[in-house]
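Fold and geometry: a report
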Amino acid sequence: LTMVSQTKPIIILRQLSNDSVSQCHFISQGESDSCTSILASSKNQISIFDLKTRRIKLKIFTSHSSTILSCGILQEERQQLGSDEILQSRFIASWARDGHVELHEIDWREMKHVCCLHRLLIGKVASFCKWALDVGGGETPAIFLPHSNEKDVLKLILREGHLVISDTFLCRRDGQSDDDSASDDEVSPDTEGTILNKKARGMLMSLAVNSRYLCIAWESGLISVLDKHRPEHGALFEFKTVEKDPKEFPQPITEIHTFGDEYLAVGSSSSVVNIFRLDDQTLVKQYDLPHKSGINHFSNDGHRFLVAAGWDHRIRIYDMKRHKALGVLKFHTDTVNCVCVLQHGHLDLGEGEGMISNAEKKGRNLVICSGGSDRRIAVWNIQFEAKSGAR
């Protein structure tokens, strides 16, 4: 595949505040497959943009005292009192550097903010680690967050309109107790040469989850992989990211992202994107970035394409089927903080503009939204052409 040149956004939305866009997501209309809105966060507020009118139709002023790192939609099915009818409730959740998670109730029919249902203090973290949201596989939706001790990860689930901590994942090797770990003043590798103590790991930088694993990235370049279903067992294995020059000391990881159950994408401040095969930790592909460039965020279409938001104001698209870089999108005038790929359904742009779907051309187009420090949100419909003899 090759990307059609001169690609430009089909929609441009602007924040009314002076704050950067930290997160953006496509959201559907009720139970429909029709996506009519974009959810976006900036500092301590969350906005919902109407794609038909290009205007903000709801603004939520949260109680966060610092930048919102993650926001999203959580759904819960509950049986109505005195009836067999099952009701589906959709809430907006947010996580910020102040250490709080908030859950907001929305009247979706009238598009009004009802109230903040729940505010849970997890504890402040030093890094800009986003949550890992797990909504697939028919399981109860879950949020994975770094604990304030910067050693463990907490799993939160939605229960009767409240977020509760269901599990704590211990970030140590399987079979190792906390007393066995090295002191903060020493660097003690285990028999495989993997550094295990807190000081050597540094800050917890990023989380990613798939149907099997919870992956944790550390400032030191170390990646810990845990069994998502066995929180008490610690890390199954650990490995380090790879630099352009293997002799160089690993640079801080900025973002990791699982692509299905097979691959892990790793972005760091060392101007490379590494693609690892999780089962054997093999480096499958390494993509070079411009000098002093890094990755803030990844997203994927659940099938073939990986999309990366960069420090250099660019968005990059990779073909995970053939492990090739497909192209670069240029629009933002400052750091791109977030990207989101439309995985299901279609984009409803209103009367006269029709609908757009990733599936309509069988892997030949890609619908993306992106947000940056330039306060702008862009919606893209990327077209691809097949080379002769290619699939």
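Attention in this report is confined to the structure presented alongside it. Keep in mind that this is a model prediction, so the values were computed, not measured.

Things to note about the overall build of the protein chain
- When helices and strands are tallied, the protein chain shows one helix and 31 strands.
- By residue count, 55% of the 391 residues in the protein chain fall in the buried class.
- For the protein chain, the computed accessible surface area is about 17600 Å², with 45% contributed by carbon and sulfur atoms.

Looking at the pattern of salt bridges
- Scanning the model with the defined rule gives twelve salt bridges in all.
- For Glu102, the salt bridge identified is with Arg119, shortest N-O distance 2.7 Å. In this pair, Glu102 is assigned in strand β9 (residues 100-107) and Arg119 in strand β10 (residues 112-121), connecting sequence segments 17 residues apart.
- The buried category is assigned to Glu102, whose relative accessible area is 0%.
- Take Arg119: its relative accessible area is 34%, and that puts it in the partly exposed class.
- One salt bridge in this structure joins Glu262 and Arg277, with 3.7 Å as the shortest N-O distance. Of the two residues, Glu262 is situated in the loop between β19 (253-259) and β20 (263-268) and Arg277 in strand β21 (residues 272-277); the sequence distance between them amounts to 15 residues.
- Glu262 gets classed as partly exposed once you look at its relative accessible area, which sits at 38%.
- When salt bridges that share partners are traced, they join Asp98, Glu102 and Arg119 into one network.

Observations concerning the sheet that holds β19
- In spatial order, the strands read β19-β20-β21-β22; together these four strands make up an open sheet with antiparallel pairing. Either end of the sheet is taken by a strand with one partner, and the two such strands are β19 and β22 (282-288). The mean angle between the axes of side-by-side strands here comes to 20 degrees, regardless of whether they run parallel or antiparallel.
- Note that β20 and β21 share five bridges and pair antiparallel. The partner of Gly267 across the bridge, within β21, is Val273.

Focus on the sheet that holds strand β14 (residues 162-170)
- The strand order β11-β12-β13-β14 describes an open sheet built from four strands, whose pairing is antiparallel. Each edge of the open sheet carries a strand with a single partner, namely β11 (132-134) and β14. Within this sheet the neighbouring strands show an average axis-to-axis angle of 25 degrees, counted without direction.
- One ladder, built from three bridges, connects β11 with strand β12 (residues 142-146); its direction is antiparallel. Paired with Ala132 across the two strands is Phe144, which belongs to β12.

Observations regarding the packing of aromatic side chains
- Counted by the stated rule, this structure contains six aromatic pairs.
- Ring centres of Phe331 and Trp380 lie 6.2 Å apart, and the angle between their planes is 85 degrees; on these two criteria the pair is classed as edge-to-face. You can see Phe331 sitting in the loop between β26 (324-330) and β27 (336-341) and its partner Trp380 sitting in strand β31 (residues 376-385), a full 49 residues away along the chain. Trp380 matches Phe331 in its accessibility class, with the two residues each being buried.

A few points about the pairing of strand β13 (residues 152-159)
- Taken across its eight residues, β13 has seven buried, putting it largely inside the fold.
- Between β12 and β13, which pair antiparallel and follow one another directly, the connecting turn spans five residues, one of which, Glu150, has a positive phi of 60 degrees.
- Sheet topology note: the β13/β14 ladder contains eight bridges and is antiparallel. Note that in β14 the partner of Leu156 across the bridge is Ile165.

Observations regarding the environment of His100
- Structurally, His100 is set in strand β9.
- Separated by 34 residues in the primary sequence, His100 and Ser66 have C-alpha atoms spaced 9.7 Å apart.
- A distance of 3.3 Å separates polar atoms of two side chains, one belonging to His100 and the other to Arg119.

Digging into the side chain of Ser41
- Looking at the element boundaries, Ser41 is found in strand β4 (residues 34-42).
- A polar contact of 2.7 Å, which involves the side chain of Ser41, links it to the side chain of Ser22.
- With sequence-adjacent residues up to four places away left out, Ser41 is seen in contact with Gln15, Ser20, Val21, Ser22, Gln23, Ile46, Ile68 and Cys71.

What counts and how
Residues numbered from 1 in each chain as written. Predicted model: local features only at pLDDT ≥ 70, side-chain atom pairs only at ≥ 80, totals over all residues. Heavy atoms only, no water. Helix = DSSP H or I, 4+ residues; strand = E, 2+ residues; numbered from the N terminus. Buried < 20%, exposed > 50% of the residue type's maximum accessible area, 1.4 Å probe, protein only. Areas by Shrake-Rupley, 256 points an atom, 1.4 Å probe, with all protein chains shown as cover. Salt bridge = Lys/Arg side-chain N within 4 Å of Asp/Glu carboxyl O. Pairing = 2+ DSSP bridges. Axes fitted to C-alpha atoms, helices over the stretch in contact; angles between N-to-C directions. Phe/Tyr/Trp six-rings, centres within 6.5 Å; stacked < 30°, edge-to-face > 60°. Polar contact = N/O pair within 3.5 Å; in protein donor to acceptor, adjacent residues only side chain to side chain. Contact = heavy atoms within 4.5 Å.

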